[in-house]
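# What the coordinates show
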Amino acid sequence: MSGSPYAPHTEAETDAMLDAVGVDDVEELFDIPESVRFDDEFGIDAKSEQAAVAETARRLRANDDLTEFLGRGHYEHYVPSLVDSVSQRSEFITSYTQYQPEVTQGFLQALFEYQSMLVELTGLGVANCSMYDEATALAEAALLAKRVRAVDGDRVLVPEYVRDGHVSVLENYTGGADVTVERYGADAGNVDVDALADAMDDDVVMVYAENPTTVGAVEEHLDAVGDLADDHGALFCLGSDPVALSVLQRPVDVGADVVVGDASVLGMPASYGMGLGVFACREQFLRQVPGRLVGASEDADGNRAYTLTLQTREQHIRKERATSNICTNQAWVALRTAVHAASLGADGLVDLANRMVELPRDLAAALSEVRGVQAPVHDRHHFREFLAHTDQPAPAIARDLEAEGFAVHAVDDHHLQVCVTDANEHATDQFVAAVREVTE
């Protein structure tokens, strides 16, 4: 503590603080088990704030300056300046969980609007505010299904196209609940309905599908998935996001019981790690929703007021009654999502979503003009992204494109995944030219 360049304390000040809390040494404030205690040196020289900022900037300048055509769960749309202007106000950016409604009405109202947006987009009765990210939301859906399903069972079915990271989180998160995660087949970027039917049985607690899928294909078999889940008493969980939901089939109309996804496609740049988990479900599962719900009520004078009306984690209620041990949410990110959505309005959100169908269609057509490239691989409508088949090895093409200033995913030996949004559409002509340069 003493000598810190950011929070300087003299030895006398440190001693005074220790005396105030009744301890003799800073070490007494911590209880770190020996098995995890780090006693070595980090080898990082102390620097002033100015020197540390300069060093950080120098290191960041060493990063490659690439135009990204990456996707697979991380998407970037133009974020209006209004989002920063509102969300960086001191009453928002310094706020923690809104436990005291009398002093956090503005934040609570914004979260209520965020929930309302998800309810309208999904058609489901309840949305929380909110989850860490899409993967943990999926895991919480599986735990909810295990709790509420009328017949005993432990199997959760997910399609082959789901990203390995999501499946890993799902398996880890549900391990203590005796849930078994199994994959079922996919065909041409969509669910293989026959494979799902073969995998279904009365011990299945939840079936998961995505729209759009991991490879960007618009799912055409959602009604069939919903029917199969219903026939076996399983819950149907659908993965999507607020932009896609504004033009694709409403989850409630295809029998979805729970919707998960990532809402940070609005309000945030692609963060490659930080997200905003969507969790919406049918009203009959209200008492089983993980996390928190903001509700609207009236104060003593009859004015409309907002408060946290449901908090089902063990910090707030008896441990045995808790539905989740999730310990925080992404309230500030949810605020940014709500502001972005409100600034677009219903028509603007639909216009943005329609562009996410048109842009990949046009880019795929342009790439197909390049010798040795076929795009899209799947003969379906796509949203934001698609697979392109390459005659030459895809990893080598991806490395050559990186040298040309572009980043894409090589998903296997002969497939690139390409993502285009309003954030990188300005570079599509240069990207196609670069693909032609490295493949012909």
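Quick note: structure is the one above.
A brief structural summary. (Residues numbered from 1 in each chain as written. Predicted model: local features only at pLDDT ≥ 70, side-chain atom pairs only at ≥ 80, totals over all residues. Heavy atoms only, no water.)

### Digging into a negative patch on the surface
Here is the rule we go by: Patches draw on residues past 30% relative accessible area with no salt bridge. Two like charges within 9 Å are joined, as are two nonpolar side chains (Val, Leu, Ile, Met, Phe, Trp, Tyr) within 5 Å. Each accessible area is a Shrake-Rupley result for a 1.4 Å probe, and residues are judged covered by the shown protein chains and nothing else. Salt bridge, as applied in this entry: a Lys or Arg side-chain nitrogen positioned within 4 Å of an Asp or Glu carboxyl oxygen. Residues scored as charged are limited to Lys and Arg (positive) and Asp and Glu (negative), so that His and the chain ends carry no count. Just so you know, the charge point we use is NZ for Lys, CZ for Arg, CG for Asp and CD for Glu. Helix and strand assignments come from DSSP, with helices taken as H or I runs of at least 4 residues and strands as E runs of at least 2, each series counted from the N terminus.
On the surface, a cluster of negative charge is made up of E11, D15, D19, D24, D25 and E28. In this structure, E28 sits in the loop between helix 1 (11–21) and helix 2 (49–61).

### With respect to the environment of G239
Spelled out, the test is: Think of it in three bands: residues with accessible area under 20% of the maximum for their type are buried, residues over 50% are exposed, and the middle band is partly exposed, with areas taken using a 1.4 Å probe on protein chains only.
Summarising the element assignment, G239 is placed in strand 8 (residues 235–240). For G239, a relative accessible area of 1% translates into the label buried. For the pair G239 and T214, spaced 25 residues apart in sequence, the C-alpha to C-alpha distance is 9.8 Å.

### Here's the deal with the side chain of N211
Test applied: What makes two residues a contact is simply this: any of their non-hydrogen atoms within 4.5 Å.
In this structure, N211 sits in the loop between strand 7 (204–210) and helix 9 (222–231). Ignoring anything within four residues of it in the chain, the contact list for N211 reads A217, V218, E219, L222, L238, G239, S240, A244, L248 and Q249.

### Observations regarding the sheet that holds strand 2 (residues 126–127)
The condition that has to hold: Only strands that DSSP links by at least two bridges are regarded as paired with each other. For helices, the axis comes from a line fit to the C-alpha atoms of the stretch in contact; other axes are also lines fit to C-alpha atoms, and the angle between any two N-to-C directions lies between 0 and 180 degrees.
A sheet is described by the order of its strands in space; here 7 strands give the open sequence 2-10-9-8-7-3-4, paired in mixed fashion. Each edge of the open sheet carries a strand with a single partner, namely strand 2 and strand 4 (180–184). Both strand 8 and strand 9 (residues 258–262) contribute to a ladder of 4 bridges, which runs parallel. The residue of strand 9 that forms the bridge with C237 is V258. Across the sheet, helix 7 (residues 164–174) lies against strand 3 (155–159) and strand 4, angled at about 155° from strand 4, the strand it touches most. Against the sheet, helix 9 touches strand 7 and strand 8, its axis set at about 150° to strand 8.

### Quick word on the state of the cysteines
Spelled out, the test is: The disulfide criterion used throughout: a pair of cysteine sulfur atoms within 2.5 Å.
Counted by the stated rule, this structure contains 0 disulfides. Of all cysteine sulfurs, the one in C281 lies closest to C129, which takes part in no disulfide; the gap is 13 Å. On the basis of relative accessible area, C129 is assigned to the buried category, the value being 1%.

### What to know about the sheet that holds strand 17 (residues 415–419)
Taken together, the 4 strands give an open sheet; going across it, the order is 13-14-17-16, and neighbouring strands pair in antiparallel fashion. With partners counted over all chains shown, the strands left at the sheet margins are strand 13 (373–374) and strand 16 (409–412), one partner each. One ladder, built from 3 bridges, connects strand 16 with strand 17; its direction is antiparallel. Residue pairing for strand 17: A410 is matched across the bridge by L416. Running over the sheet, helix 12 (residues 394–403) touches strand 14 (385–390), strand 16 and strand 17 and is turned about 175° from strand 16.

### Digging into the pattern of salt bridges
Overall, the coordinates contain 18 salt bridges when judged by the stated rule. Note that R37 and E27 form a salt bridge whose closest N and O atoms lie 3.1 Å from each other. With R37 in the loop between helix 1 and helix 2 and E27 in the loop between helix 1 and helix 2, this residue pair connects regions lying 10 residues apart in the sequence. Residue R37 is classed as partly exposed on the basis of its relative accessible area of 26%.

### Re the side chain of S264
Definition in use: Any N or O atom pair separated by 3.5 Å or less is treated as a polar contact, with the protein-specific requirement of one donor-capable and one acceptor-capable atom, and with residues adjacent in sequence counted only for side-chain atom pairs.
Along the chain, S264 falls in the loop between strand 9 and strand 10 (277–281). Of note is the side chain of S264, whose polar atom sits 2.6 Å from the side chain of D262. Dropping the residues within four chain positions of it, S264 is found in contact with M274, G275, L276, V333 and T337.

### Focus: the packing of helix 11 (residues 331–368) against helix 13 (residues 428–439)
The condition is simple: Each angle gets one of four labels, with under 35 degrees taken as roughly parallel, over 145 as roughly antiparallel, 65 to 115 as roughly perpendicular, and the rest as oblique. Here is the rule for handedness: rotate from the far helix to the near one, and if that takes an anticlockwise turn smaller than a right angle the crossing is left-handed, while a clockwise turn gives right-handed.
Where helix 11 contacts helix 13, the two axes come as close as 10 Å, and the packing angle between them is 30°. As summarised for this structure, helix 11 and helix 13 are arranged roughly parallel, according to the angle between their axes. In this structure, helix 11 meets helix 13 at a crossing whose hand is right-handed. Where helix 11 approaches helix 13, its residues L363, A366 and L367 are matched on the opposing element by T428, F431, V432 and V435.

### A look at empty space enclosed by the protein
Rule in force here: Detection works on a 1 Å grid of protein atoms alone, calling trapped sets that fit a 1.4 Å probe cavities and calling open sets with protein on both sides within 12 Å along at least five of seven lines pockets, with lining residues defined by an atom within 4 Å of a point. Grid points are joined across faces, edges and corners, and a volume is the space filled by probe spheres set on the points. Only Asp, Glu, Lys and Arg are considered charged in this grouping, and only Ala, Val, Leu, Ile, Met, Phe, Trp, Tyr, Cys and Pro are considered nonpolar; every other residue, Gly among them, is considered polar.
Per the counting criterion, the structure on display carries 3 cavities of 30 Å³ or more. Reported here for the largest cavity is a volume of approximately 170 Å³. Forming the walls of the largest cavity are 15 residues, and the residues nearest its centre are Y75, E134, P212, S240 and D241. Of the residues contributing to the lining of the largest cavity, the split by class is 3 nonpolar, 5 polar and 7 charged. Surrounding the second largest cavity, G73, H74, Y75, D262, S264, V265, P269, A270, S271, Y272 and M274 form its lining. A class-by-class count of the residues in the lining of the second largest cavity yields 6 nonpolar, 4 polar and 1 charged.

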